[in-house]
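In case you want the letters, here they are:
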Amino acid sequence: MTITSPTQVPGTVLPARTEHRAPKRASRFKPGAGKQLNGGPFAYIALAVVGIGSLLPLYWTLVAASHTQDEVLASTPPFLPGGRLMHNLDAAWNQAHLGKAILNSFVVSSCITVATLFFCTLAGYAFAKMRFRGRGGLMTGVILTLTIPPQLSVVPLFMMMADLGWGGKLESVIFPTLVSAFGVFFMRQYLSEALPYELIEAAKIDGANNFRIVLSIVLPVARPAMMVLGMLTFVQAWNDFFWPYLALNQQNPTLQVALGQLSASYTPDQSIVMAGALISTLPLLVVFVVFGKRIVGGIMSGAVKG
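Just give me the short version of the overall build of the protein chain, but keep the residues and values in it.
Assigned secondary structure in the protein chain consists of 13 helices and zero strands. Counting from the amino terminus, the protein chain carries its helices and strands in the arrangement α-α-α-α-α-α-α-α-α-α-α-α-α. With 306 residues in all, the protein chain has 30% of them scored as buried. In the protein chain, of all internal contacts separated by at least 6 residues, the share reaching a separation of at least 24 is 72%.

Outline a nonpolar patch on the surface, supporting the account with residue identities and numerical values.
Residues Ile143, Leu146, Phe182, Phe185 and Leu232 make up a contiguous nonpolar surface patch of roughly 410 Å² in combined accessible area. Structurally, Phe185 is set in helix α8 (residues 181–194).

Please give an account of helix α3 (residues 85–95) that cites residues and values.
Taken as a whole, α3 has its buried residues at Asn88, Leu89, Ala91 and Ala92. Relative to the axis of α3, the buried residues are bounded by an arc of 165° and lie together on one face. One or two steps after α3, the chain reaches His97, where phi turns positive at roughly 50°.

An account of the packing of helix α5 (residues 135–144) against α8 is requested, with residue identities and associated values reported.
One way to put it is that α5 packs onto α8 with a least axis distance of 8 Å and a crossing angle of 130°. When the interaxial angle is binned, α5 and α8 end up oblique. In this structure, α5 crosses over α8, and the sense of that crossing is left-handed. Where α5 abuts α8, its residues Met139, Val142 and Ile143 lie against Ala181, Val184, Phe185 and Arg188.

Can you break down the packing of aromatic side chains residue by residue, with the values?
Under the defined criterion, the tally for this structure stands at six aromatic pairs. The ring centre of Tyr197 lies 4.2 Å from the NZ or CZ of Lys129, which sits over that ring.

How would you summarise the environment of Gly168 if you had to cite specific residues and measurements?
Within the secondary structure, Gly168 sits in the loop between α6 (154–163) and α7 (171–174). The sequence separation of Gly168 and Leu246 amounts to 78 residues, and the corresponding C-alpha distance is 8.7 Å. Not counting residues up to four positions away in its chain, the partners in contact with Gly168 are Ala247, Leu248, Asn249 and Asn252.

Mind laying out the nonpolar core, listing which residues take part and the relevant values?
Ranked by internal contacts, the top residues of the largest apolar core, which has 21 residues, are Tyr125, Met187, Leu191, Leu195, Ile213 and Val218. Among the elements of the structure, α4 (98–129), α8, α9 (197–205) and α10 (210–239) are those that each provide at least two residues to this core. For this core, the leading source of residues is α10, giving eight residues. Not counting residues up to four positions away in its chain, the partners in contact with Met187 are Cys120, Thr121, Gly124, Ala222, Ala225, Met226 and Leu229.

Report on the environment of Pro150, specifying residues and quantitative values.
If you trace the backbone, Pro150 turns up in the loop between α5 and α6. Pro150 sits in the exposed class, given a relative accessible area of 55%.

Provide a residue-level description of unusual backbone geometry, including the pertinent values.
Positive phi values are uncommon outside glycine, yet His97 reaches one of about 50°. Relative to the helices and strands, His97 resides in the loop between α3 and α4.

So, the packing of α8 against α10: which residues are in play, and what are the values?
The geometry of α8 relative to α10 is characterised by a closest axis approach of 10 Å and an angle of 145° between their N-to-C directions. Crossing of α8 against α10: the hand is right-handed. From α8, Phe182, Gly183, Phe186, Met187, Tyr190, Leu191 and Ala194 reach across to α10, where they touch Val218, Val221, Ala222, Pro224, Ala225, Met226, Val228, Leu229 and Leu232. In terms of residue class, the contact of α8 with α10 is made up of 15 nonpolar, one polar and no charged.

Go over the side chain of Ser66 with me, naming the residues and quoting the values.
With respect to the helices and strands, the residue Ser66 is situated in the loop between α1 (41–65) and α2 (69–72). There is a polar contact of 3.1 Å between the side chain of Ser66 and the backbone oxygen of Leu62. For Ser66, the side chain forms a polar contact with the main-chain oxygen of Val63, separated by 2.9 Å. Apart from the residues lying within four places of it in its own chain, the contact partners of Ser66 are Pro81, Gly82, Gly83, Arg84, Leu85 and Asn88.

Conventions adopted
Residues numbered from 1 in each chain as written. Predicted model: local features only at pLDDT ≥ 70, side-chain atom pairs only at ≥ 80, totals over all residues. Heavy atoms only, no water. Helix = DSSP H or I, 4+ residues; strand = E, 2+ residues; numbered from the N terminus. Buried < 20%, exposed > 50% of the residue type's maximum accessible area, 1.4 Å probe, protein only. Contact = heavy atoms within 4.5 Å. Patch = residues over 30% accessible without salt bridge, like charges linked within 9 Å, V, L, I, M, F, W, Y side chains within 5 Å. Areas by Shrake-Rupley, 256 points an atom, 1.4 Å probe, with all protein chains shown as cover. Salt bridge = Lys/Arg side-chain N within 4 Å of Asp/Glu carboxyl O. Arc of directions from axis to C-beta. Axes fitted to C-alpha atoms, helices over the stretch in contact; angles between N-to-C directions. Parallel < 35°, antiparallel > 145°, perpendicular 65-115°, else oblique. Left-handed = near helix turned anticlockwise from the far one by under 90°. Phe/Tyr/Trp six-rings, centres within 6.5 Å; stacked < 30°, edge-to-face > 60°. Lys NZ or Arg CZ within 6 Å of the ring centre and 35° of its normal. Core = buried A, V, L, I, M, F, W, Y, C linked by side-chain atoms within 4.5 Å. Nonpolar A, V, L, I, M, F, W, Y, C, P; charged D, E, K, R; others polar. Polar contact = N/O pair within 3.5 Å; in protein donor to acceptor, adjacent residues only side chain to side chain.

Given below as structure tokens:
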């Protein structure tokens, strides 16, 4: 018995329908994609070598700071920490007046970091999402400043600080580095990808002005990049020696300038110099221990896209 449709002519049979399906496209992803990868023996060996190589200078600083100079300069140097660590730390602290130097370095590094994050985030947002005449040319000019050696600007910068009356003061170290060309470029590249135009347009429709957009949208989105830029800026400002050595004096030094005084004598005591270097490293280790997880978490959250 053949079932016919109402429009089918009696006595005829319609051909059976055949479904034509497009062939399945080969998947771009390999089986198991998205799963956590397990490192082999070579990966663990490489990580161990890199980790030991990174910690070896710090360990040698600790060893040298806990021995006498004769023991450090012996034909067979020591490989284990000694018992003169506290004595050498106290000698370095008193000889170089490291208390005031650490306070000056903390003030300088903190001011430079906060100002760099603020100005570079605003400039990065403007170059990434705002449309104005000359935007490309200005961004090119900012990038070209990275190719200029900083030594070329030392003489005019020193004369400028002298005219302002900031010779030997912390202002002469803080103000020339309030904005970083690298920071502007870094934040511009990050916000170009991480901040969609739809969020900005939605905020404008709701009546938000530019200040409200930056405060409520740009800063939360830029937080991962700001954490990374803040750490890099703080470490660079803390370890800076060249310009603070020229701009400041021995009565008002930063930490690196004060450490230079330990090795300025004709026969410096290497164990005391190493003790001072250990003191200058400890604040950076504390900062990284306190903010390390947030920085790494910020990097990962900024790297994952839905």
